[in-house]
Amino acid sequence: MGARYTVHGTTQQECQEALDALCRLMGAVPTTVPIDPAGRGWIARAVATTEAPDQVVRGSVMQ
């Protein structure tokens, strides 16, 4: 299973900008648009499109 990311924002625009930056910088794709489900702030989600190379796991080289 790939990495999953969540971004938060106080406004829809702030959340969308964070989601766009995350996707651009991390190579992720959005899985939800920004929503404010409980009226306490905006949230959006994305998933990684590529897996880390087999030789690298959380910064450590496997042997």
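Each remark here, short or long, concerns the structure printed above.
Residues numbered from 1 in each chain as written. Predicted model: local features only at pLDDT ≥ 70, side-chain atom pairs only at ≥ 80, totals over all residues. Heavy atoms only, no water.

Novice: Requested: an account of the pairing of strand β3 (residues 42-48), with residues and values cited.
Specialist: The pairing of strand β1 (residues 4-9) with β3 spans 6 bridges and is classified as antiparallel. Within the sheet, the bridge partner assigned to R4 lies in β3 and is V47. Of the pairings in the sheet, the one linking strand β2 (residues 28-30) to β3 comprises 3 bridges and is antiparallel in character. Within β3, the position partnered with A28 by the bridge is A48. (Pairing = 2+ DSSP bridges. Helix = DSSP H or I, 4+ residues; strand = E, 2+ residues; numbered from the N terminus.)

Novice: Break down the sheet that holds β2 for me, with residues and values.
Specialist: The sheet built from 3 strands is open, its strands ordered β1-β3-β2 with antiparallel pairing. Looking at which strands have only one partner, the edges of the open sheet turn out to be β1 and β2. Within this sheet the neighbouring strands show an average axis-to-axis angle of 35°, counted without direction. (Axes fitted to C-alpha atoms, helices over the stretch in contact; angles between N-to-C directions.)

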